[in-house]
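# Per-entry structural report
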Amino acid sequence: MEFPSYRPRRLRKTETMRKMARETELSTDDFILPLFVTYGKGVKKPIKSMPGHFQFSVDNIAGEAEEARSLGIPAVILFGIPERKDDIGSGAIDPNGPVQQAIKAIKDSAPELLVITDVCMCEYTSHGHCGIIVNNDVDNDSTLELLRNAALTHAEAGADMVAPSDMMDGRVAAIRSMLDENGFSRVPIMSYSAKYASAFYGPFREAAESTPQFGDRRSYQMDPSNAEEALREVMLDINEGADIVMVKPALPYLDVIRRIKDRTGYPVAAYSVSGEFSMIKAAAERGWLDGERAMMESLVSIKRAGADMILTYFAKEAAMVLQK
Ligand code: PBG
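Below you will find a few notes about this structure. (Residues numbered from 1 in each chain as written. Predicted model: local features only at pLDDT ≥ 70, side-chain atom pairs only at ≥ 80, totals over all residues. Heavy atoms only, no water.)

### Thoughts on the site of the ligand
Neighbouring the ligand are 18 residues; Lys195, Arg205, Lys248, Ser274 and Tyr313 lie closest to it. One of the side-chain nitrogen or oxygen atoms of Lys195 is found 2.8 Å away from an oxygen atom of the ligand. One nitrogen or oxygen atom from the side chain of Ser274 is found 2.7 Å from an oxygen atom belonging to the ligand. Burial of the ligand by the surrounding chains reaches 100%, relative to a free accessible area of 400 Å². Split into classes, the residues belonging to the shell around the ligand amount to 10 nonpolar, three polar and five charged. (Near = heavy atom within 4 Å. Polar contact = N/O pair within 3.5 Å; in protein donor to acceptor, adjacent residues only side chain to side chain. Areas by Shrake-Rupley, 256 points an atom, 1.4 Å probe, with all protein chains shown as cover. Nonpolar A, V, L, I, M, F, W, Y, C, P; charged D, E, K, R; others polar.)

### As for the packing of aromatic side chains
Counting across every chain of the model gives 10 aromatic pairs. On the basis of an interplanar angle of 0° and a centroid distance of 6.4 Å, the ring pair of Phe36 and Tyr313 is categorised as stacked. Taken as a pair, Phe36 in strand β1 (residues 31-38) and Tyr313 in the loop between β12 (309-312) and α11 (315-323) lie far apart in primary sequence, 277 residues in all. Judged by centre distance (4.1 Å) and plane angle (15°), the ring pair of Tyr196 and Tyr253 falls under stacked. One end of the pair, Tyr196, is in the loop between β9 (190-195) and α6 (202-207); the other, Tyr253, is in the loop between β10 (244-248) and α8 (254-264), with 57 residues separating them in the sequence. Members of the aromatic cluster, each reached through a chain of ring pairs, are Phe36, Phe79, Tyr192, Phe204, Tyr271, Phe277, Tyr313 and Phe314. Taking NZ or CZ as reference, Lys248 lies 4.5 Å from the ring centre of Tyr201, over its face. (Phe/Tyr/Trp six-rings, centres within 6.5 Å; stacked < 30°, edge-to-face > 60°. Helix = DSSP H or I, 4+ residues; strand = E, 2+ residues; numbered from the N terminus. Lys NZ or Arg CZ within 6 Å of the ring centre and 35° of its normal.)

### Describing the environment of Lys104
Within the secondary structure layout, Lys104 lies in helix α3 (residues 98-109). Setting aside residues up to four positions removed in sequence, Lys104 forms contacts with Pro95 and Ala157. (Contact = heavy atoms within 4.5 Å.)

### Description of helix α2 (residues 58-70)
A rise of 1.5 Å per residue sets the reference length of α2, with its 13 residues, at 18 Å; its end C-alpha atoms lie 19 Å apart and thus fit the reference within 8%. Within α2, burial applies to Val58, Ile61, Ala62, Glu64, Ala65 and Ala68. In an axial view of α2, the angular spread of the buried residues amounts to 165°, which keeps them on one side of the axis. In the core, the buried residues of α2 are packed alongside β1, β3 (54-57), α3 and α11. Once α2 finishes, Gly72 follows within two positions and takes phi at roughly 95°, a positive value. (Expected span 1.5 Å × (residues − 1). Buried < 20%, exposed > 50% of the residue type's maximum accessible area, 1.4 Å probe, protein only. Arc of directions from axis to C-beta.)

### Brief notes about the pattern of salt bridges
Per the stated rule, a full pass over the model turns up 18 salt bridges. The salt bridge partner of Glu145 is Arg148, with a shortest N-O separation of 3.7 Å. Note that Glu145 and Arg148 are positioned in helix α4 (residues 140-157) at a spacing of three residues, about one turn of the helix. Where Asp237 meets Arg171, a salt bridge forms, and the shortest distance between an N and an O atom there is 3.5 Å. Of this pair, Asp237 sits in helix α7 (residues 228-240) while Arg171 is found in helix α5 (residues 171-181), placing the two residues 66 residues apart along the sequence. Each member of the salt-bridge network shares a partner with another, and the members are Glu15, Arg18 and Arg22. (Salt bridge = Lys/Arg side-chain N within 4 Å of Asp/Glu carboxyl O.)

What follows is the structure, given as C-alpha cells:
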C-alpha cells in the first residue's frame, strides 16, 4: 500500500480514533513503587535528588504504602537503611531490621498490597559493596550464604516476593533452595538478571546510603555494551528458578528488554532507575520539558519494549494521571 491510497494520518485525526488504534496501553497495574525504610521513629526524610521520595521509619511506612494502594498500585519494593553497618553486612539478616519490620507493618495495614523486597548487601556493608570483600573484590560464594539468609528473613516476615539485586553468580539457585527448604516454595523470585554497571544509579545511592567506599561495581554488574550476555544471564536465572526476570536500568536498555521478552516469553520487569526519574524531574523543574508528558512517554516506551511490569519512582504520579 502506498501514498496516496494509504494515508497513515487518517487514524491520527481525533483522540477517539487514536485511542482505538493504540497498540500499547499503560496501566497502574504495571507499577511497582520503590520505598526506602530506615531505623528510628517518626522519620520522613526527603531524598534531595529525588523530589517526592523519602526515607521512612517503620511507623511511617504503612501510611505511604496505603496511599500507593489507594491509587491502585499493586506492589511496592522495599530497600532498607540499617542503623549500623559492618564489613559483612550483618544487618541484612536481622529479623528485626527495618525491612523485616516494614514488611509486617505494611501487610497489617494493606494486606492486598504485594510486598517485594530487594535482596542485596550494599545498604548493609560499611564499604558499600554488594557482598563480602576478599582481596579487594566481592567474594561470590561466601556472599551467597548471606543473601540466602537475608531472603529467608524477608520470607519469614511475610514478604510476597524477593528480588536479588546483587549480581552474584548462582544467587537465584541459592535463594530458591533456601526458601524451599524452609517452607516458602510458593514465594516467587524476581531476579535482577540483567543489571548494568550504570551511572543512572547515582540518586539511589544517596537515598539508600549505599555508595561504594572504594572502587566501583564493575566486577559484578554488567558492561553496558553487552546484550548477548544479558540473554545468558537471564537463561541462567531462569534455569535456577527465577519467576520474573528484570532489566535495569530501563530507558537506555529498551533493546535488551525486547530481546529478552522475545527470546524467553517470561514475565519481564524493567527497573526505571533513580537517574531516569531525577533527569526528568530536574529538567521539568527548569522548565526545559513538560515533566508529566516526559514521564508518561518514558513509561509507555518501556512497556512497548516488552516489559510486563515497571519499577518506577513515578508510580504514584503516573497512577494519578491514569486516573484522570
Ligand atoms: C542495590 C540496588 C541498586 C539499585 C537497586 N538495588 C544500586 C546499585 O546497584 O548501586 C538502584 C536503583 C535505582 O537507581 O533506582 N544493589
